[in-house]
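Geometric and topological summary
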Amino acid sequence: MILFPNAKINIGLNITERRPDGYHNLETIFYPIDIKDALEVVKSDKLSFTSTGLEIPGLMEDNLCVKGYHMLKQDYDLPPVSIHLHKHIPIGAGLGGGSSDAAFFIRLMNDKFKLGLSVDEMTDYARRLGADCAFFIENKPVFAFERGDEFESIKLDLSAYKIVLVMPPVHVSTGEAFRGIKPTPVKDSLFDLINEPIADWKKLIKNDFEQTVFKNHAEIRGIKAALYEAGAIYSSMSGTGASVFGIFAETPDLKFLEEENQVFYL
Ligand SMILES: C[C@@](CO)(OP(=O)(O)O)[C@H](O)COP(=O)(O)OP(=O)(O)OC[C@H]1O[C@@H](n2ccc(N)nc2=O)[C@H](O)[C@@H]1O
Ligand SMILES: Nc1ncnc2c1ncn2[C@@H]1O[C@H](COP(=O)(O)OP(=O)(O)O)[C@@H](O)[C@H]1O
């Protein structure tokens, strides 16, 4: 069975509070985008994991799909499987690629082996693997809060716009992005701000990680500036970076960015 885990972008991200469990309370809008991996699982005589495409850092046992297998295996009588992942979603990009693989792995195993898990049960399994894994179970635009793993439905459809995503040749780790963050309660919640006209988002909606990440990576700040220069209605770094997206009325000419960066026209 093959599924195609997709990426997400964050539209706005406020870090509001430090939590006693070492995490932070945050609020953000998760929006699915059309950059995809391919994930295949077949029954086998022993557990294996292979990958093609982009190189994934870490050991096989660290891969979130393999972690997902061991997690489900504790509760269900699963046969060994061969997992193959074709990696296309940039890594260390703030696009949630690894998290999406994990969530789609749970969905795939649920279908393939008829585990009978409800959406809520799959979401609970997913959040054990990582805060933003949970979003990819339902995989529709949401307002996310607490650790980023509690959700409120929203109506947000950007299909009339052109989204462009730029991935510079740098990776930002989640740890690096959180370093130096000063959690601040919000006056106006993103849950409401997202209903304002997109033309007003620039002055209303921010990503708190830009402050810490732009300090060390001027080139990421530069990409955001370039997207506004090219006519973006709204532009932001996604999640903890390093990717930056722009929302445009018409497909912009960004050839000048393509030499140094990977540019996705979505
Ligand atoms: C911060 C976000 C925003 O979208 O970054 P991106 O990964 O998307 O860029 C995500 O919620 C990340 O989710 P995910 O990458 O699954 O996080 P996890 O693996 O659970 O956590 C990695 C580390 O990030 C920190 N962390 C993560 C989420 C959160 N709400 N508070 C935190 O403090 C913790 O230090 C944690 O040990
Ligand atoms: N299936 C996977 N794909 C990508 N990275 C993975 C995967 N499983 C585990 N990882 C680990 O997660 C880290 C980055 O995860 P990813 O979700 O792509 O980052 P980000 O959301 O910041 O772009 C990698 O450094 C890698 O070690």
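On a predicted model such as this, the values are computed, not experimentally measured, just so you know. (Residues numbered from 1 in each chain as written. Chains lettered and ligands numbered in written order. Predicted model: local features only at pLDDT ≥ 70, side-chain atom pairs only at ≥ 80, totals over all residues. Heavy atoms only, no water.)

1. Thoughts on the domain arrangement of the chain
By a frequent convention, interface size equals the accessible area lost on bringing the separate parts together. Under the domain assignment, the chain is made up of domain 1 (2–153) and domain 2 (162–265). Relative to domain 2, the C-alpha centre of domain 1 lies at a distance of 23 Å. Taken together, the contact between domain 1 and domain 2 spans 28 residues of the former and 34 residues of the latter. In this assembly, domain 1 packs against domain 2 so that about 2,400 Å² is buried in total across both faces, 68% of it on carbon and sulfur atoms. Among the residues of domain 1 in contact with domain 2, Ile11, Leu13 and Ile15 are the three that bury the most area, contributing 22% of the side total. Taken together, the elements giving at least two residues each to the side of domain 1 that touches domain 2 come down to strand E2 (6–18), strand E3 (24–36) and strand E8 (150–153). The leading source of residues in the side of domain 1 that touches domain 2 is E2, at 11 residues. A per-class count over the side of domain 1 that touches domain 2 returns 13 nonpolar, 10 polar and five charged. (Domains from an automatic or database assignment. Contact = heavy atoms within 4.5 Å. Buried area = accessible area lost by both parts, 1.4 Å probe. Helix = DSSP H or I, 4+ residues; strand = E, 2+ residues; numbered from the N terminus. Nonpolar A, V, L, I, M, F, W, Y, C, P; charged D, E, K, R; others polar.)

2. Quick word on the pairing of E2
Regular strands have side chains that alternate between both faces of the sheet. Counting buried residues along E2, 11 of its 13 residues qualify, which places the element largely inside the surrounding structure. Hairpin connection, E2 to E3: the antiparallel pair is bridged by five residues, and Gly22 has positive phi, about 90°. (Buried < 20%, exposed > 50% of the residue type's maximum accessible area, 1.4 Å probe, protein only. Pairing = 2+ DSSP bridges.)

3. Some words on the sheet that holds strand E4 (residues 38–43)
Strand order in this open sheet of four strands is E1-E4-E6-E5, and the pairing throughout is mixed. A strand with exactly one partner marks an edge of an open sheet, and here the two such strands are strand E1 (2–3) and strand E5 (48–53). Summarising the sheet, E4 and strand E6 (residues 81–87) pair through six bridges and their orientation is antiparallel. Paired with Leu39 across the bridge in E6 is Leu85. Here helix H1 (residues 64–75) sits on the sheet in contact with E4, E5 and E6, set at roughly 150° to E6. Together, E1, E4 and E6 form the strand contacts of helix H2 (residues 97–112), whose direction differs from that of E4 by roughly 35°. (Axes fitted to C-alpha atoms, helices over the stretch in contact; angles between N-to-C directions.)

4. Quick look at the packing of aromatic side chains
With the rule as written, the count across this model stands at seven aromatic pairs. On the numbers, 4.9 Å between centres and 85° between planes, the contact of Phe178 with Phe209 is edge-to-face. Within this pair, whereas Phe178 is found in helix H5 (residues 174–178), its partner Phe209 is found in helix H8 (residues 209–216), the two being separated by 31 residues in sequence. What links up through ring pairs into an aromatic cluster is the set Phe30, Phe135 and Phe136. Sitting over the ring of Phe104, Arg107 keeps its end group 4.2 Å from the ring centre. Directly above the aromatic system of Tyr228 lies the positively charged group of Lys202, at a separation of 4.1 Å from the ring centroid. (Phe/Tyr/Trp six-rings, centres within 6.5 Å; stacked < 30°, edge-to-face > 60°. Lys NZ or Arg CZ within 6 Å of the ring centre and 35° of its normal.)

5. A short note on the nonpolar core
Counting 52 residues, the largest nonpolar core has Ile11, Leu156, Leu158, Trp201, Ile220, Leu227 and Tyr234 as its most contacted members. Counting contributing residues per domain, this core is built from domain 1 (2–153) and domain 2 (162–265), each supplying no fewer than three. Phe49, Ala103, Tyr125 and Phe136 belong to the second largest nonpolar core, which has 34 residues in total. (Core = buried A, V, L, I, M, F, W, Y, C linked by side-chain atoms within 4.5 Å.)

6. Here we look at the UniProt feature "domain: GHMP kinase N-terminal" (unreviewed entry) in the chain
Those residues carrying the UniProt feature "domain: GHMP kinase N-terminal" (unreviewed entry) are residues 63–137 in this numbering. Summarising residues 63–137: 56% helix, 9% strand, and an end-to-end C-alpha distance of 18 Å. (UniProt positions renumbered as here; feature names shortened; annotations may be inferred.)

7. Things to note about the pattern of salt bridges
If charged atoms from side chains of opposite charge come close, those side chains can pair. Under the definition given, this model contains 13 salt bridges. Asp132 is the partner of Lys8 in a salt bridge, and the nearest nitrogen-oxygen pair spans 4.0 Å. Of this pair, Lys8 sits in strand E2 while Asp132 sits in the loop between helix H3 (119–129) and helix H4 (135–138); the two residues are 124 residues apart in sequence, bridging distant segments of the chain. Of the charged contacts, one joins Arg127 and Asp149 as a salt bridge, the two residues approaching to 3.3 Å between their closest N and O atoms. Here the residue Arg127 occupies a position in helix H3, and Asp149 occupies one in the loop between strand E7 (142–145) and E8, the gap between them amounting to 22 residues. Take Arg127 and Asp149: they sit in the same class, and that class is buried. (Salt bridge = Lys/Arg side-chain N within 4 Å of Asp/Glu carboxyl O.)

8. Let's talk about the site of ligand 2
Neighbouring residues of ligand 2: 18 residues in total, closest Leu64, Ala93, Gly94, Gly98 and Asp101. At 3.1 Å from an oxygen atom of ligand 2 is found a main-chain nitrogen or oxygen belonging to Pro57. For ligand 2, an oxygen atom lies 3.1 Å from a polar atom in the backbone of Gly96. Across the complex, the protein chains shield 79% of the 540 Å² of accessible surface that ligand 2 would expose by itself. (Near = heavy atom within 4 Å. Polar contact = N/O pair within 3.5 Å; in protein donor to acceptor, adjacent residues only side chain to side chain. Areas by Shrake-Rupley, 256 points an atom, 1.4 Å probe, with all protein chains shown as cover.)

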